[in-house]
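# Structural description and commentary
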Amino acid sequence: MDRVIRKAGFTERTFDTGEVKLNYAEGPEAGPPLLLIPGQSMPWQSYQRVLPELSRRFHVFAVDVRGHGRSGWTPGRYTFQNMGRDFAALLRDVVRAPAIVSGNSSGGVIAVWLAAYAPDLVRGIIPEDPPLFSCEWPRLRDDTWVYKFFEVCVEALARPEGKDLARFFARLEIPVQGNARLMKFPRPLAVLVGALIRVYRLLRPTGPVELPFLPLQIRLFVKGLSEYDPEFTRAFLDGSPGEGFSHEEALKRVKCPLLLLQAHSFRHPTLGLVGAMDDADVRRVLSLVPQAEHVHLSAAHQIHVDQPERFIAEVVRFASALEGASRLTRSSG
C-alpha cells in the first residue's frame, strides 16, 4: 500500500461474499460511508490521488471488483447482476449503513444497479463517466471504439502462455479527435514500457507489475492489467455482462439523488463513440431520472485521476446537499 494512503489511516481487508472474496481498503471513520468502485482493469489504488482528502470527510471503502486487483476471479460469471450483488453484500455486511456510491466507468454502471436493486443500502450515487447504454449489446460492438480496444486486450493478455503486456502496448492504437488516423502508443515509450515489464517479470515472476518511474496513469494501467483476469474483458466481446440487466429499466427505478459526471468524448468517423457517453446518452439518463444532476467536465475518462481536486469537490458538494436535505426532512418531521 502506498505510504501516503497508509498514513491517511487506510487498511487493506478481505470480504467473502460466499461466492468470491473481495479485496478492499477501508479508511478511518471520519464521516458518512463512501464506497468507491474502480473501472474495468483498474485496482482500488486508482483512487490514490483522492483517498487522503476524502478520508478526512468520509468513511471510505475502495474496492477491487471481482476479477481485479487482489479480489477473486470468477471466469464465466462476470455480469453486472453478479457484481451488483457483490457490492450489495459488502454494503450490508461490512459498511452496515446506507452509503454514497461513486463508480468510475463500469463501476458507475454497478452504482446504478445498486441504486435500482438495493435502494435501502444507498443514499445517493455518483456515476463517474459510466458507459450507460453504450456498453449494452449490440451497441458496444457496433458503435464504440472501446470494443476494438477490448479485442487487443484479450489477444495480448488472454494467451495460453500468459499475459504479454509488452505486446499489448505495442499493438495499442488510440483515436484522436479531428484525425481519421489512429495514433499508436509512442514507439519509444512502448519499447521502454515493454523492456521495464520484461525486466520486472524476470525479477518478480508473480504479483502486480509496479513501475514507479512512469507517469501515474501509465503506472496504474500497467498494474491493473498485470493482476486482473482478462476473461473479464473477454466477456464484453459477446455482451454477456449485461445479461438480464437493462440500463433503461434500472434507471427508471433509481429514486435516490444521482450526480452524473461526464468526461470528454467524441465520435470517430469509422470507429464510433470514443468515450463512455455522448450527449444523447446523457439526455436519456436525465429523462429517466428526473432528480439527476449532470456535470460535464473537460477531463479524461478517469476524472478522479485526471482532475482529482475537481472530483473531490463534486463528491463533497453532493454529500453536503444530501446532508442538508436530510436535516430539512428531520426538522420538518
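It should be noted that the structure appears before, not after, this text.
Residues numbered from 1 in each chain as written. Predicted model: local features only at pLDDT ≥ 70, side-chain atom pairs only at ≥ 80, totals over all residues. Heavy atoms only, no water.

## Here's the deal with the overall build of the protein
- For the protein, the helix and strand inventory stands at 14 helices and twelve strands.
- The globule rule puts the C-alpha radius of gyration for 333 residues at 20 Å, and the 19 Å found for the protein is close to it.
- With respect to the three principal axes, the spread of C-alpha positions in the protein is 65 × 45 × 35 Å.
- Looking at the 333 residues of the protein, the share that counts as buried comes to 56%.
- Within the protein, contacts between residues separated by at least 24 positions form 71% of all contacts whose residues are at least 6 apart in sequence.
- For the protein, the computed accessible surface area is about 14,700 Å², with 53% contributed by carbon and sulfur atoms.
- Taking the average place of the 41 positive charges on the side chains of the protein and the average place of its 37 negative ones, the gap between the two points comes to 3 Å. (Helix = DSSP H or I, 4+ residues; strand = E, 2+ residues; numbered from the N terminus. Rg over C-alpha atoms; globule rule 2.2 N^0.38 Å. Buried < 20%, exposed > 50% of the residue type's maximum accessible area, 1.4 Å probe, protein only. Contact = heavy atoms within 4.5 Å. Areas by Shrake-Rupley, 256 points an atom, 1.4 Å probe, with all protein chains shown as cover. Lys, Arg positive; Asp, Glu negative; His and termini not counted. Charge placed at Lys NZ, Arg CZ, Asp CG, Glu CD.)

## Some words on the pairing of strand β4 (residues 59–63)
- Within β4, five of the five residues are buried, leaving the element largely enclosed by the surrounding structure.
- Of the two faces of β4, the one carrying His59, Phe61 and Val63 and the one carrying Val60 and Ala62 are both buried.
- With four bridges joining them, strand β3 (residues 33–37) and β4 adopt parallel strand pairing. Each bridged residue has a counterpart across the sheet, and for proline 33 the counterpart in β4 is histidine 59. (Pairing = 2+ DSSP bridges.)

None of the figures reported here should be taken as evidence of function without further support.
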